Amino acid sequence: MTQMKRVMIYGGKTGWIGGLMADLVKEEEARIENRDAVAKELDEIKPTHVLMSAGITGRPNIDWCEDNKPATIRTNVIGTLNVADLTNERGIHCTVYATGCIFKYDEAHPLGSGIGFKEDAIPNFAESFYSETKGYMEQMLKCYENCLILRVRMPISDDLFHRNFVTKIAKYDCIVNIPNSMTVLTEMLPASLAMAKKGLAGVYNFTNPGVISHNEVMDLYTKYIDPTYTYKNFTVEEQAKVIKAGRSNNELDTTKLMADMPDGVVINDIKTACDLCFQRMKVNLEKLGWLPDNMPAEFKRS
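Everything quoted here is computed from the prediction, not taken from an experiment.

Asks: Explain the pattern of salt bridges to me, using residue names and the numbers behind them.
Replies: Evaluated as defined, the whole model comprises eleven salt bridges. One salt bridge connects lysine 40 with glutamate 44, and the closest N-O pair in it is separated by 2.5 Å. Here the residue lysine 40 and the residue glutamate 44 both occupy positions in helix H2 (residues 35-45), the gap between them amounting to four residues, near one helical turn. Ionic pairing is found between arginine 90 and aspartate 43, a salt bridge with its closest N-O pair at 2.7 Å. With arginine 90 in the loop between helix H4 (69-89) and strand E4 (93-99) and aspartate 43 in helix H2, this pair connects stretches of sequence that are 47 residues apart. Assessed through its relative accessible area of 29%, arginine 90 is described here as partly exposed. Salt bridges linked by common partners bring Arg35, Asp43, Asp85, Glu89 and Arg90 together as one network.

Asks: Lay out the nonpolar core in plain terms, naming residues and giving numbers.
Replies: One finds Val217, Tyr221, Ile225 and Phe278 to be the most contacted residues of the largest nonpolar core, which totals 28 residues. If you list the elements that add at least two residues to this core, you get helix H6 (165-170), helix H8 (214-224) and helix H11 (270-288). At seven residues, H11 tops the list of elements feeding residues into this core. What tyrosine 221 contacts, discounting residues up to four positions off in sequence, is Leu160, Val166, Ala170, Asp226, Tyr229, Phe278, Met295 and Phe299. The next biggest cluster of nonpolar side chains, apart from the first, holds 24 residues, and it includes Met8, Val38, Val50 and Ala98.

Asks: Talk me through the environment of aspartate 36; I want residue IDs and the actual numbers.
Replies: Along the chain, aspartate 36 falls in helix H2. It is 9.7 Å that separates the C-alpha atoms of aspartate 36 and leucine 86, two residues lying 50 residues apart in sequence.

Asks: Please set out the environment of histidine 162 residue by residue, giving values where relevant.
Replies: As for its placement among the helices and strands, histidine 162 is situated in the loop between strand E5 (147-152) and H6. On the basis of relative accessibility, which here comes to 32%, the residue histidine 162 falls in the partly exposed class.

Rules of the game
- Residues numbered from 1 in each chain as written.
- Predicted model: local features only at pLDDT ≥ 70, side-chain atom pairs only at ≥ 80, totals over all residues.
- Heavy atoms only, no water.
- Salt bridge = Lys/Arg side-chain N within 4 Å of Asp/Glu carboxyl O.
- Helix = DSSP H or I, 4+ residues; strand = E, 2+ residues; numbered from the N terminus.
- Buried < 20%, exposed > 50% of the residue type's maximum accessible area, 1.4 Å probe, protein only.
- Core = buried A, V, L, I, M, F, W, Y, C linked by side-chain atoms within 4.5 Å.
- Contact = heavy atoms within 4.5 Å.

Structure representation (structure tokens):
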């Protein structure tokens, strides 16, 4: 167990996950594209741990990356490698919040089979530039023994922050209905701190065990948040006509994650975790005054 005396977060001021992590620890922050600046701050601050959550996913979604490839590379590739390399040189543990959206169901991992991709699986999904860069990055990050690489998927939080998977699909007129591995951040981010303190390294599928479908998620939204909400389904082929980049759908195997999880950390299966998350979301939105009947127009169906 390594004591977290000082933590530096990349992505704490502008990133979603980084901002949530900053609420859990006292943090410092820097920019990642400028190698000299990162090196200088690491030497001045001398952190025991670095949490690397900075990255570009685009707004409103990953389609942005298709038209902004140099900017995507600067952060998702050059910046990430800067942090991994510089922390490795200094013997600093580095937790990288990466992505599991680098796989798609295939013959060896069929949809509905319960057979998930394990940590040693080679990425098989590059139908978006975002996923393509992330797939390259994981192979390189594996070379750094100081890095804990966490494959986050379709992250869900107990609010309606614009990066929340729930927020994104709640605004769509139509959604696909495919079971996926997902990450409920309220449970998983504290787990990542425990893993960093334990000194774990290498790749981990960082999702709640099991899968949940888009429809099941939105049914919970209807149950707890807005009983008047409705949605329609369409096929992956129909979805492809209205997006620039393909979307990853997969199941990740969490056997290694659960076996190595430090004692005292509770991680629920994804369906239980989502139900509890929506219960917390309801309370949070009531405190904001959004519920029971004052939801922003962007979440209302005409």
